[in-house]
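# Coordinate inspection notes
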Amino acid sequence: MTTGEAGQAGIRMESSTALHTQGQTHDEDGSLFGWDPMTGIVSVWAQRDGRALIWRRVKDEQGERIDRLSDHFHPWLFATILEDVTHPGTNLLPEGTPCPTGHAIWFRELDGPTGSYRYLLSSTDGRLLEREILFGASHRLNYQVKNISELEHTYYRLGPVEQYLMATGRVYFRNLNYEDLHRLQFDLETTALDPRQGRIFLVSIRDSRGFEAILEAPTANDERRLIIDLCRIIRERDPDIIENHNLFGFDLSFLSRRAASHDISLTLGRRGPGGTHAILEGREETLAIGPEARRRTRYSVAGRELIDTLDAVRRHDFVVRDIPSYGLKEVARYFGIASPKRVYIEGSEIYNTYMREPEMVRRYALDDVNEVDGLSRRLLGAPFALASMAPRRYERLASAGPAMGILEPILVRAYLRARTALPCQATYDSGNTEIEPHAGGAVYLFASGVAEHVVKADVASLYPSLMRTFKIGPASDRLGILLTILGRLTDLRLAHKEAARVAEPNSIDSNHHNATQAAMKILINAAYGYMGAGQMALFSDGRAANEVTSRGRAILSQVLRSLEARGTLPIEADTDGVYFAVPNDWSEEQERALVAEVGAELPSGIRLEYEGRYRAMLSHEVKNYALLTYNDKLIVRGVALRSSRAEPFGERFLRQALHYTLLGNIPRVRQIFLDTVNALRDRQLTASDVATRVRLSKSPATYRTSRSSHQEPAYEALLNAGRDEWLPGERIRFYKGRGQRRYIWLPEAVAEESTTPQHWQQRRSSQSHSTTQERQDYDIEHYVQVLVTSYAARLRKAFSPEDFNQLFTLDQPGLFDLYEHPIEEIRPRLERENAALTL
DNA sequence: ACTCACCGGGG
DNA sequence: GTGTACGGTGAGT
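Since the structure is predicted, the reported quantities are computational estimates derived from the model, not experimental observations.

## Re helix H19 (residues 648-663)
End to end, H19 covers 23 Å across 16 residues, agreeing with the expected 22 Å (1.5 Å per residue, within 8%). Within the sequence span of H19, burial applies to Phe649, Gly650, Phe653, Leu654, Ala657, Leu658, Tyr660, Thr661 and Leu662. Of the residues trailing H19, Gly664 is marked for its positive phi of about 85°.

Structure, rendered in structure tokens:
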């Protein structure tokens, strides 16, 4: 086949293989899953010149292997005008007209309103297309246009891979399971964080086929060899995916800097366009001369997908908002994938430890890559499933925003396929009167303090349900694609949820269905946000977004009125959910029946769900509360009930005090308070109980310059200890000692550089005279004040002012103190609030 | 109290 | 550029 005769469509491509010629296309699902049946794609590389490479993982009688296909496609873009390519030098032909020389620009006029992207332009070579446009535009605008991106509202152009996938209807991973991927993790251990100051001394490698290796460079002279070996091993193992935690921010940038310093190239890819192994490509975004490089570089390599589990963690936490730290070790523990035998070494001690005990560092480094594998399995199922829907690379989908990064490409693919004009935001903006200010979900605080017998109910997928029920989609989406796929996704998601439920837990099947439903949830939830995305989004529609939220507020009001009418007490409500208190003698069945009753009054398609019941709730502020479950678990939500300082003694106090406040055992709260005060005053607490842990951001030099104008406790603590060297990023603990401005550094345990948490516990309890752990020279009154003002204060809403003062006074109540009631009679209170906020 | 710059993560 | 982060925190006023 020659590209010139690519049939009626200048856009449509033909494969060098005939693999995709059979297999039916489901048209309605084509917009969601693509339509080309080619299976097993694990990577795609495409270039502006119209060349594309596809790597497929195929399994047949001969076993499993990777096939590489070469392909050609016609690079394309949307245009609002045709003018730039109508000059005499351009061979402009209607789409579908054969061109023997191949030097043509094809065009097609699309159905769409004036001002929209009504022209589809394509060519055998995208560079030719761009040259012609730049030439024409420069002429038209009377200045030198250097890049298509300067012509923002005239042309809509995507990256080559997106163009290829959208034009062909191909997607990644069709008929593959996550477990089929060949994933490799590697982790660098270096002598410093900065590649100008340090070098790689060890690399751990593992892959999903059972391979494990350690490469070492004991001396600086060995580093070059190590890098070459690392590249060779990756080529030999030939994984589809390379993964690590902070892969882009650290490992690849460090590696490429060190490789450059040895003048070697990182041949990590599969055989690329030139037939040789592809070299890692990175785009350093110019870092200013400042102390540190801020922006991250995106790396890519032909034939493999690069996955940073840090991105996956961020995205996960964007939804759950519960991960305290995004560090690999912390996250691994959070997800329960850290091995009990995991070796922990403080970052700055890794190289020192290696010098003394190399075996320990080897184990540490392998633990790292194993945890990355665990994280990937836990978090990358959804992006994997998304990659079999959206026309983008897996590695991009793993870090893309769900609206602009995933949903929009799906919409654009559908418009391209339907040969329909894309809306142009610029024309919509000017055509419409100013969009009214955007109002979001309603947030109410009806009561603060302690309530008992609390129920949580919420509307399942409120915004998507409203969009679907009331058919609210972007006006500019003339094909109605967003609502079509929203409906399809909602139905399919339910089916996958059900399939996951009946599948054997943790089986490949259940993982697949779970990942797919999670991916669909991401898309479903993105639909509303996408409409409100403003001029960023091609199909945004502020008016439609407003209609969704206003209907949402109406639904929430209806639920609240209905709950009140039935004798329950709403406590707080936020957009789609409400906490409310029910009479003491209600059973769970009664609660559920109530929720069902209230839900039955809502429009069909809007489902109110019973989410849970709690023995008690401390309502502090909107979105800030503590819950006690019926099996005695304390749940704390919102920043207002947490301390940013996080001295261990205060955290401990607050949790216990919250717990007993919610149980109504107020004498016990007083007792805990007094015990804590006494423990402080009797110096029963250790320095580590009162110490704050902070991360140093300034280098010694930076701090020295700002010190005279403003002293910072953390650095003063180090300087007081005679330490005038430290590294930015280092975490230290310190506490306040006696005397003005006396801050004391609390070094980490130094007896062993590494220890498992279990060892740690043992050492603390068994070695009673360890030097650093047992220091007690803290400033007693300072920490008593912290206890009162920073921790006890968080219980203020639970009591009347008098009761609160009595409960947390530092004076032992004397005989003559006249309090309204004795401690035994204090009850937590519940105050009605009249503040109803709309955010 | 409120704005503003900076940080995250990696050895 | 094989596209655009963002939300929390502590310092400074």
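Next comes the rest of the account.
## Re a nonpolar patch on the surface
Together, Phe318, Val319, Val320 and Tyr334 line one region of the surface with nonpolar side chains, adding up to about 400 Å² of accessible area. Of all the elements, helix H6 (residues 309-320) adds the most residues to the nonpolar patch, at 3 residues. Note that Val320 resides in helix H6. Residue class for Val320 comes out partly exposed when judged on its relative accessible area of 38%.

## Some points on the nonpolar core
Ranked by size, the top nonpolar core spans 145 residues in total, and within it Phe78, Phe186 and Tyr394 carry the most contacts. Judged by nonpolar contacts, the second largest core, of 47 residues, contains Ala626, Leu658, Val786 and Ala798.

## Some words on the environment of Ala519
Note on placement: Ala519 falls in helix H16 (residues 508-531). Sequence separation between Ala519 and Leu386 is 133 residues, and the spatial gap between their C-alpha atoms is 5.6 Å. When residues no more than four places from it in sequence are discounted, the contact partners of Ala519 are Ala382, Ala385, Leu386 and Met389.

## Topic: the pairing of strand E2 (residues 41-46)
Among the 6 residues that make up E2, 6 are buried, leaving the element largely enclosed by the rest of the structure. Relative to strand E3 (residues 51-60), E2 is paired through 5 bridges, and the arrangement is antiparallel. By the bridge assignment for E3, Val44 is matched with Ile54. Between E2 and E3, which pair antiparallel and follow one another directly, the connecting turn spans 4 residues, one of which, Gly50, has a positive phi of 95°.

## A word on the sheet that holds strand E5 (residues 76-79)
In a beta sheet, neighbouring strands pair by backbone hydrogen bonds and run either parallel or antiparallel. In space, the 5 strands of this open sheet follow the order E6-E7-E8-E5-E9, with mixed pairing throughout. Only two strands of the sheet have a single partner each, and these edge strands are strand E6 (92-94) and strand E9 (155-156). Relative to E9, E5 runs antiparallel, the two being bridged by 2 bridges. If you follow Phe78 over to E9, its bridge partner there is Tyr156. Sheet strands touched by helix H12 (residues 403-417): E5, strand E8 (119-123) and E9. Its angle to E5, the strand with the most contacts, is close to 85°.

Rules of the game
- Residues numbered from 1 in each chain as written.
- Chains lettered and ligands numbered in written order.
- Predicted model: local features only at pLDDT ≥ 70, side-chain atom pairs only at ≥ 80, totals over all residues.
- Heavy atoms only, no water.
- Helix = DSSP H or I, 4+ residues; strand = E, 2+ residues; numbered from the N terminus.
- Expected span 1.5 Å × (residues − 1).
- Buried < 20%, exposed > 50% of the residue type's maximum accessible area, 1.4 Å probe, protein only.
- Patch = residues over 30% accessible without salt bridge, like charges linked within 9 Å, V, L, I, M, F, W, Y side chains within 5 Å.
- Areas by Shrake-Rupley, 256 points an atom, 1.4 Å probe, with all protein chains shown as cover.
- Salt bridge = Lys/Arg side-chain N within 4 Å of Asp/Glu carboxyl O.
- Core = buried A, V, L, I, M, F, W, Y, C linked by side-chain atoms within 4.5 Å.
- Contact = heavy atoms within 4.5 Å.
- Pairing = 2+ DSSP bridges.
- Axes fitted to C-alpha atoms, helices over the stretch in contact; angles between N-to-C directions.

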